[in-house]
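# Structure assessment
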Amino acid sequence: MDTTSEQYERAAEVLRQALSLFVMTGAGVSAESGVPTFRGADGLWRNYSAADLATPEAFSKDPALVWAWYHWRQGIILKAQPNAAHRALVALEARFERFLLLTQNVDNLHFRAGSRRVLELHGNIFRARCCRCGRKVPHTIEEDAARSLPECACGGLLRPDVVWFGEAIPSDVWQESVDFLKEAQAALFCGTSGVVWPAAAIPGFVREQGIKTIEINPEPTPITSIVDLSLRAKAGKALPEIVRRIIEPG
Ligand code: OAD
């Protein structure tokens, strides 16, 4: 079903009425930049094993394999540019007194587009963390092209600073999000399958708070049945359309 003009207008009206906006994004927001999602037809988890590449056990067993996969993904992301959805979220941020963008993406594209109030729930693929001393350092594929395994200044092995399956999410990011949601008046879920915990708990929590909710996704998800308004559209079309209607009402 195509999203109608009336649905876009309803979404714009929800956002016009709100003073504070919470946004949660997932891989779908970067799909139109050419960054693969995880669970779609060409999703990464269709072709690669999460157990072999995205767990602490996988890294202990074969750190070179895990690094090779993260460096390959870095290469794709470095060639990608923020898309119309990322840019529309920058424009939305500017219109709200209170705004928070919680992303499950590790690709940095929200920051590259110019978003400022961004919290990363699953880390950042361009950062590494020392397995020995815990130090966090910026890290891109170029920095250790000559070596197979990146090392910290302390001599410890560096790992991607992302959250792997079986690992805890950053508690400060979670707490800040939950605190923000206690005051939020509208929430937008965009480009996420809504199946990975604990992020998957957020839509239900938002609903319990009585916050107005909108989903943008070309496919139905577990979030669809609990939001006030579900826009079955790509983020790169729907978000700019909503922003345009907010900026130029009528
Ligand atoms: P998924 O790959 O699970 O879901 C992507 C969602 O984006 C799907 O629901 C698609 O229908 C939707 N989508 C595709 N193209 C879109 C577009 N142009 N506009 C809007 N939506 C679109 O990605 P996430 O929900 O982000 O975690 O996955 C959550 C976590 O699972 C990831 O952060 C990652 C993964 O395992 C870790 O690596 C820890």
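Just so it is clear, the structure is predicted and the values come from calculations on it, not from any experiment.

## Here's the deal with the environment of lysine 136
Its location among the elements puts lysine 136 in strand S5 (residues 136–138). Between the C-alpha atom of lysine 136 and that of phenylalanine 96, which follows or precedes it by 40 residues, the distance is 32 Å. Once residues lying within four places of it in the same chain are set aside, the contact partners of lysine 136 are Arg127, Ala128, Arg129 and Asp161. Within the local environment of lysine 136, its side chain forms a polar contact with the side chain of aspartate 161, the two groups lying 3.4 Å apart.

## Some details on the packing of aromatic side chains
Each aromatic ring pair is summarised here by two numbers: the centre-to-centre distance and the angle between the ring planes. Inspection of every chain in the model, using the stated rule, returns 9 aromatic pairs. Ring geometry for tyrosine 48 versus tryptophan 69: centroids 5.8 Å apart, planes at 55°, classification tilted. Pair noted here: tyrosine 48 is in the loop between helix H3 (44–47) and helix H4 (50–53) and tryptophan 69 is in helix H6 (residues 63–79), with a separation of 21 residues, a long-range link. The partly exposed category is assigned to tyrosine 48, whose relative accessible area is 33%. Ring centres 5.2 Å apart and planes at 90° place the aromatic pair tryptophan 69 and tyrosine 70 in the edge-to-face group. Residue tryptophan 69 shares its accessibility class with tyrosine 70, and that shared class is buried. Taken together, the aromatic side chains of Phe38, Trp45, Tyr48, Phe59, Trp69, Tyr70, Trp72, Trp164 and Phe165 make up a single cluster linked through ring pairs. The residue whose ring lies beneath arginine 159 is tryptophan 164, and the NZ or CZ to ring-centre distance is 3.9 Å.

## So, the nonpolar core
One finds Leu15, Leu21, Leu92, Leu239 and Ile242 to be the most contacted residues of the largest nonpolar core, which totals 30 residues. Breaking this core down by element, the ones donating at least two residues are helix H1 (5–17), strand S1 (20–25), helix H7 (84–95), strand S2 (98–103), strand S7 (186–190), strand S8 (212–216), strand S9 (229–231) and helix H11 (235–247). Residue contributions to this core peak at 6 residues, all from H11. With near-sequence residues (within four places) excluded, leucine 239 lies in contact with Ala85, Ala88, Leu89, Leu92, Leu188, Cys190 and Ile216. Among the nonpolar cores identified, the runner-up in size contains 23 residues, and Ala58, Phe59, Leu109 and Cys152 belong to it.

## Regarding the domain arrangement of the protein
Assigned domains within the protein: domain 1 (1–34 + 82–122 + 169–250) and domain 2 (36–79 + 123–162). Each of domain 1 and domain 2 was reduced to a C-alpha centroid, and the two centroids are 27 Å apart. Residue-level contacts link 15 residues of domain 1 with 15 residues of domain 2. For the pair domain 1 and domain 2, the summed buried surface comes to about 1000 Å²; carbon and sulfur atoms form 52% of the total. Scanning the region where domain 1 abuts domain 2 turns up 1 salt bridge. For arginine 127, the salt bridge identified is with glutamate 120, shortest N-O distance 3.8 Å. Viewed at the interface, domain 2 and domain 1 are joined by 4 residue pairs in polar contact (both at pLDDT 80 or more).

## A closer look at the pattern of salt bridges
Applying the stated criterion across every chain yields a total of 12 salt bridges. For glutamate 9, the salt bridge is made with arginine 16, and the minimal N-O distance between the two is 3.0 Å. A relative accessible area of 28% places glutamate 9 in the partly exposed class. Between arginine 117 and glutamate 176 there is a salt bridge whose closest N-O contact spans 3.5 Å. A residue pair is termed long-range when its members are at least 10 positions apart, and arginine 117 in the loop between helix H8 (109–113) and strand S3 (118–120) and glutamate 176 in helix H9 (residues 171–183) qualify at 59 residues. According to the relative accessible area criterion, arginine 117 is partly exposed, its value standing at 36%. Three or more residues joined by partner-sharing salt bridges are found here, namely Glu9, Glu13, Arg16, Glu241, Arg244 and Arg245.

What counts, and where the lines are drawn
Residues numbered from 1 in each chain as written. Predicted model: local features only at pLDDT ≥ 70, side-chain atom pairs only at ≥ 80, totals over all residues. Heavy atoms only, no water. Helix = DSSP H or I, 4+ residues; strand = E, 2+ residues; numbered from the N terminus. Contact = heavy atoms within 4.5 Å. Polar contact = N/O pair within 3.5 Å; in protein donor to acceptor, adjacent residues only side chain to side chain. Phe/Tyr/Trp six-rings, centres within 6.5 Å; stacked < 30°, edge-to-face > 60°. Buried < 20%, exposed > 50% of the residue type's maximum accessible area, 1.4 Å probe, protein only. Lys NZ or Arg CZ within 6 Å of the ring centre and 35° of its normal. Core = buried A, V, L, I, M, F, W, Y, C linked by side-chain atoms within 4.5 Å. Domains from an automatic or database assignment. Buried area = accessible area lost by both parts, 1.4 Å probe. Salt bridge = Lys/Arg side-chain N within 4 Å of Asp/Glu carboxyl O.

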